[in-house]
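Chain and residue survey
Next come the chains, spelled out residue by residue.
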Amino acid sequence: AALSSDAAHPAARVLLGRIAAARGRAAEARSHFNAAREAAPDAPEPLRERIRLELGQGDTASATALAQELEDLARRQTQAAATADRLASRYDAGHEAGSDSGSDPGEAREGSPLGPPDPAGALLVRAARLRDEAAYAWADVGRACAERHEESKAADAFAKAEAGAP
């Protein structure tokens, strides 16, 4: 039903990809996961599912490249969150300084009784989730490489997992 109204519905595509993967149809699963990534490029689920698919197919090289993409996405989101947080701090400092101009400092700002929505906080939470997902992906890649006796690749992947781990 979701695909009939939106052919690129990311959650539906991920689910269809999981179903295809479970049925052994890797190419179809890959196609669904890629469509989900195109529709929601900042969502970690399509990348994580592709990593699982590639590891299940024994393709540690592709899984490593995808884990790196997920880590890069997490890095970009972390930088965006830090920038938004700095801007929010400047806004708050300016707002506090402007309260001497006759406005009531106890008066709630527009948006909610507690003030405006906190996009910086939401971005920080999202960035933390992406870092966690990247760490888990690297751990999965490390385990797969270790099982294949690719010790050097496993050590690299585990080091990246540890560096990004919560």
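Residues numbered from 1 in each chain as written. Predicted model: local features only at pLDDT ≥ 70, side-chain atom pairs only at ≥ 80, totals over all residues. Heavy atoms only, no water.

It is worth spelling out the packing of helix α6 (residues 119-147) against helix α7 (residues 151-164) at this point. Axis separation between α6 and α7 bottoms out at 8 Å; the angle between their running directions is 160°. Here α6 is positioned roughly antiparallel relative to α7, judged by the angle of their axes. The hand of the α6/α7 crossing is left-handed. Contacts between α6 and α7 involve Arg131, Ala135, Trp138, Ala139, Val141, Gly142, Arg143, Cys145 and Ala146 from the former and Lys153, Ala154, Ala157, Phe158, Lys160, Ala161 and Gly164 from the latter. Across the contact of α6 with α7, the residue classes break down as 10 nonpolar, two polar and four charged. (Axes fitted to C-alpha atoms, helices over the stretch in contact; angles between N-to-C directions. Helix = DSSP H or I, 4+ residues; strand = E, 2+ residues; numbered from the N terminus. Parallel < 35°, antiparallel > 145°, perpendicular 65-115°, else oblique. Left-handed = near helix turned anticlockwise from the far one by under 90°. Contact = heavy atoms within 4.5 Å. Nonpolar A, V, L, I, M, F, W, Y, C, P; charged D, E, K, R; others polar.)

The geometry of helix α3 (residues 26-39) relative to helix α4 (residues 44-56) is characterised by a closest axis approach of 9 Å and an angle of 160° between their N-to-C directions. Taken together, the axes of α3 and α4 are roughly antiparallel relative to one another. Helix-helix and strand crossings are classified by hand; for α3 and α4 the assignment is left-handed. Across from Ala26, Ala29, Arg30, Phe33, Asn34, Ala36 and Arg37 in α3, the residues of α4 making contact are Pro46, Leu47, Glu49, Arg50, Leu53 and Glu54. Taken together, the residues of the contact of α3 with α4 sort by class into seven nonpolar, one polar and five charged.

Just geometry here; none of it tells us what the structure is for.
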